[in-house]
Amino acid sequence: AQSVTQPDIHITVSEGASLELRCNYSYGATPYLFWYVQSPGQGLQLLLKYFSGDTLVQGIKGFEAEFKRSQSSFNLRKPSVHWSDAAEYFCAVGRSRGSQGNLIFGKGTKLSVKP
Amino acid sequence: EAGVVQSPRYKIIEKKQPVAFWCNPISGHNTLYWYRQNLGQGPELLIRYENEEAVDDSQLPKDRFSAERLKGVDSTLKIQPAELGDSAVYLCASTLGARAAKNIQYFGAGTRLSVL
């Protein structure tokens with residue numbers, strides 16, 4: 001069965017500092033991978049996705065993520081964090097085989113940004 | 001283009017009362033999802049519709065939860081009777097196309113339910 005682990009529940013970084021949020025997945029084949037962001041009181045917004053090809057994917061708001069098959073990871077990065085990036089971030093995995101369109105989400109990482 | 005619209009945004013009820021949530025997906029999106037997001041957790045799928053057909057309701061607690069998507073557009077999720085443990089955010093999402101996990105899911109802002 002698919003599963004997603006986000007090891008860090010809460011991360012605090014200073015504004016302007018770099019950021020890396022970790023995501024590990026479990027799936028028997030190459031999964032479809034997503035990062036979503038959720039601001040307080042809002043729904044989830046897609047930051048980026050990986051289906052195949054180049055393992056470094058670029059997303060919106062200056063975010064990028066790298067798929068590492070050997071580590072079953074899909075970590076999210078940003079070189080310089082802005083105060084507006086404070087939110088909760090969710091990694092999700094979808095099945096690349098079969099007809100299911102469902103996503104499995106991790107528990108999320110809450111990002112706080114210090115001025 | 002309007003996004004996924006959910007109402008109400010907030011609902012406070014006493015236990016054992018009924019409650020209903022409404023979702024209007026993005027125009028033309030034939031797949032609709034209802035998720036429940038408990039505090040400190042990621043969203044968990046309750047039910048998925050393709051057009052008016054519920055194609056995956058394996059995670060829906062059928063003793064008290066029901067859903068419908070008449071005419072394959074708007075959808076309603078109902079809880080009757082509500083229990084304390086149902087307090088959560090209920091999210092609706094929609095995608096263009098069916099079944100493929102490549103289809104991007106677009107989420108509404110959710111309904112935050114508090115059961116007292």
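Relevant structure appears above.
Note that this is a predicted model, so its numbers are computed, not measured. (Residues numbered from 1 in each chain as written. Chains lettered and ligands numbered in written order. Predicted model: local features only at pLDDT ≥ 70, side-chain atom pairs only at ≥ 80, totals over all residues. Heavy atoms only, no water.)

Draft legend 1. Looking closely at the pattern of salt bridges. Residues and elements named next belong to chain B. Within the structure shown, the criterion is met by ten salt bridges over all chains. A salt bridge links Arg48 to Glu50; the nearest nitrogen and oxygen atoms lie 3.3 Å apart. Measuring nitrogen to oxygen at the nearest pair gives 2.6 Å for the salt bridge that ties Asp86 to Arg64. Of this pair, Asp86 sits in the loop between strand 8 (75-79) and strand 9 (88-95) while Arg64 is found in the loop between strand 6 (53-56) and strand 7 (65-68), placing the two residues 22 residues apart along the sequence. Accessibility classification places Asp86 together with Arg64 in one group, the buried group. Several salt bridges share partner residues, and in doing so they unite Arg36, Arg64, Glu83 and Asp86 into one network. (Salt bridge = Lys/Arg side-chain N within 4 Å of Asp/Glu carboxyl O. Helix = DSSP H or I, 4+ residues; strand = E, 2+ residues; numbered from the N terminus. Buried < 20%, exposed > 50% of the residue type's maximum accessible area, 1.4 Å probe, protein only.)

Draft legend 2. Layout of the interface of chain B and chain A. Listed by partner, the interface residues are 21 residues for chain B and 22 residues for chain A. Taken together, the two surfaces of chain B and chain A that pack against each other cover about 1800 Å², and 54% of this comes from carbon and sulfur. The interface formed by chain B and chain A contains zero salt bridges. At the boundary of chain B and chain A, one finds three residue pairs in polar contact (both at pLDDT 80 or more). For the side of chain B that touches chain A, the secondary structure elements donating two or more residues are strand 4 (31-37) and strand 5 (44-50) of chain B. Of all the elements, strand 4 of chain B adds the most residues to the side of chain B that touches chain A, at three residues. The class makeup of the residues in the side of chain B that touches chain A is ten nonpolar, six polar and five charged. (Contact = heavy atoms within 4.5 Å. Buried area = accessible area lost by both parts, 1.4 Å probe. Polar contact = N/O pair within 3.5 Å; in protein donor to acceptor, adjacent residues only side chain to side chain. Nonpolar A, V, L, I, M, F, W, Y, C, P; charged D, E, K, R; others polar.)

Draft legend 3. Layout of the layout of surface pockets. What the largest pocket holds in volume is close to 610 Å³. If you go around the largest pocket, you meet 30 residues; those closest to its centre are Gln38 and Glu88 of chain A together with Gln37, Leu39 and Arg112 of chain B. Among the elements of the structure, strand 10 (87-94) of chain A together with strand 9 and strand 11 (111-115) of chain B are those that each provide at least two residues to the lining of the largest pocket. For the lining of the largest pocket, the element with the most residues is strand 11 of chain B, which contributes four residues. (1 Å grid on protein atoms, 1.4 Å probe; cavity = no way out; pocket = protein on both sides within 12 Å on 5 of 7 lines; lining within 4 Å. Points joined across faces, edges and corners; volume = space filled by probe spheres on them.)

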